[in-house]
Amino acid sequence: AQSVTQPDIHITVSEGASLELRCNYSYGATPYLFWYVQSPGQGLQLLLKYFSGDTLVQGIKGFEAEFKRSQSSFNLRKPSVHWSDAAEYFCAVNNNAGNMLTFGGGTRLMVKP
Amino acid sequence: DAEITQSPRHKITETGRQVTLACHQTWNHNNMFWYRQDLGHGLRLIHYSYGVQDTNKGEVSDGYSVSRSNTEDLPLTLESAASSQTSVYFCASRRDMNSGNTIYFGEGSWLTVV
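Given the structure is predicted, the values throughout are model-derived calculations rather than measurements. (Residues numbered from 1 in each chain as written. Chains lettered and ligands numbered in written order. Predicted model: local features only at pLDDT ≥ 70, side-chain atom pairs only at ≥ 80, totals over all residues. Heavy atoms only, no water.)

Engineer: Just checking my understanding: could you explain the interface of chain A and chain B for this structure?
Structural biologist: Often, the extent of an interface is quoted as the loss of accessible area on bringing the components together. With 23 residues of chain A in contact, the opposing surface of chain B contributes 21 residues. Of the roughly 1,700 Å² buried at the junction of chain A and chain B (both faces included), carbon and sulfur atoms supply 53%. Linking chain A with chain B are zero salt bridges, by the criterion used here. Counting across the chain A and chain B interface gives four residue pairs in polar contact (both at pLDDT 80 or more). (Contact = heavy atoms within 4.5 Å. Buried area = accessible area lost by both parts, 1.4 Å probe. Salt bridge = Lys/Arg side-chain N within 4 Å of Asp/Glu carboxyl O. Polar contact = N/O pair within 3.5 Å; in protein donor to acceptor, adjacent residues only side chain to side chain.)

Printed below as a string of structure tokens:
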């Protein structure tokens, strides 16, 4: 069975600092990986996704993520965080059959002025 | 613009009552999903559908049912609401079964069972 772990429940960073949110997955084959962001009271918005090719993927809002097969990781990064990035971030993995998108427990990001 | 909408956005109901949450998408997507979001659990899949007349159970389907009579709608029914079903419910859709396709989410329905 596939699973996703986001080890950090809460992260606080200062505005302008760099950010890395961790995501580890468990899946037997090449996974399809996603990062979503959820602002308070809102639905989920796709930041970026990976399913083949270059292991460093670029997303919206200045985010990027790197797929590392050897570490079963898909960490999300941003070089300089803005106050508007405060939200909850979810990593997700989809199996090859396409019928099961499994989410991690989420990481809540707070941004200090 | 095409979109996915959920209604009601907020609802309070009593234990034992039947509740239906509506989900409507205008993208003509074949795949539709219902998730619930709970603190510490992220989003968990309740039911999903690949197309009209197709429904499948997800990870946490007990106490829930869905029907897919047309492409646009996938209503979620709680047959007899329980306090454990107090949660935020998200409907989602995707064009087809290609695993790389983006899943789009509605804005959520906050359900409280008292």
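Now, onward.
Engineer: Would you take a moment to explain the state of the cysteines for this structure?
Structural biologist: Where two cysteines share a covalent bond between their sulfur atoms, that bond is called a disulfide. In this structure the tally under the stated criterion is two disulfides over all chains. Note that A:C23 is cross-linked by a disulfide to A:C91, the S-S spacing being 1.9 Å. Between A:C23 and A:C91, the S-S dihedral sits near -65°, and the bridge is therefore left-handed. In this pair, A:C23 is assigned in the loop between β3 (19-21) and β4 (24-26) and A:C91 in strand β10 (residues 87-94), connecting sequence segments 68 residues apart. We note that A:C23, like A:C91, is buried. Here B:C23 pairs with B:C91 through a disulfide, and the sulfurs are 1.8 Å apart. (Disulfide = S-S within 2.5 Å. Helix = DSSP H or I, 4+ residues; strand = E, 2+ residues; numbered from the N terminus. Buried < 20%, exposed > 50% of the residue type's maximum accessible area, 1.4 Å probe, protein only.)

Engineer: What am I meant to see in the nonpolar core here?
Structural biologist: Residue and element names in this part refer to chain A. Counting 26 residues, the largest nonpolar core has L19, W35, L47, L48, F74, L76 and Y89 as the members making the most contacts within it. Of all elements in the fold, only β2 (10-14), β3, β5 (32-38), β6 (44-50), β8 (64-68), β9 (73-78), β10 and β12 (107-112) reach the threshold of two or more residues within this core. For this core, the element with the most residues is β10, which contributes four residues. Residues in contact with L76, not counting those within four places in the same chain, are L19, E20, L21, W35, L47, L48, F63, E64, A65 and Y89. In terms of nonpolar packing, the next biggest core, distinct from the first, is built from 19 residues, Y32, L44, A92 and L101 among them. (Core = buried A, V, L, I, M, F, W, Y, C linked by side-chain atoms within 4.5 Å.)

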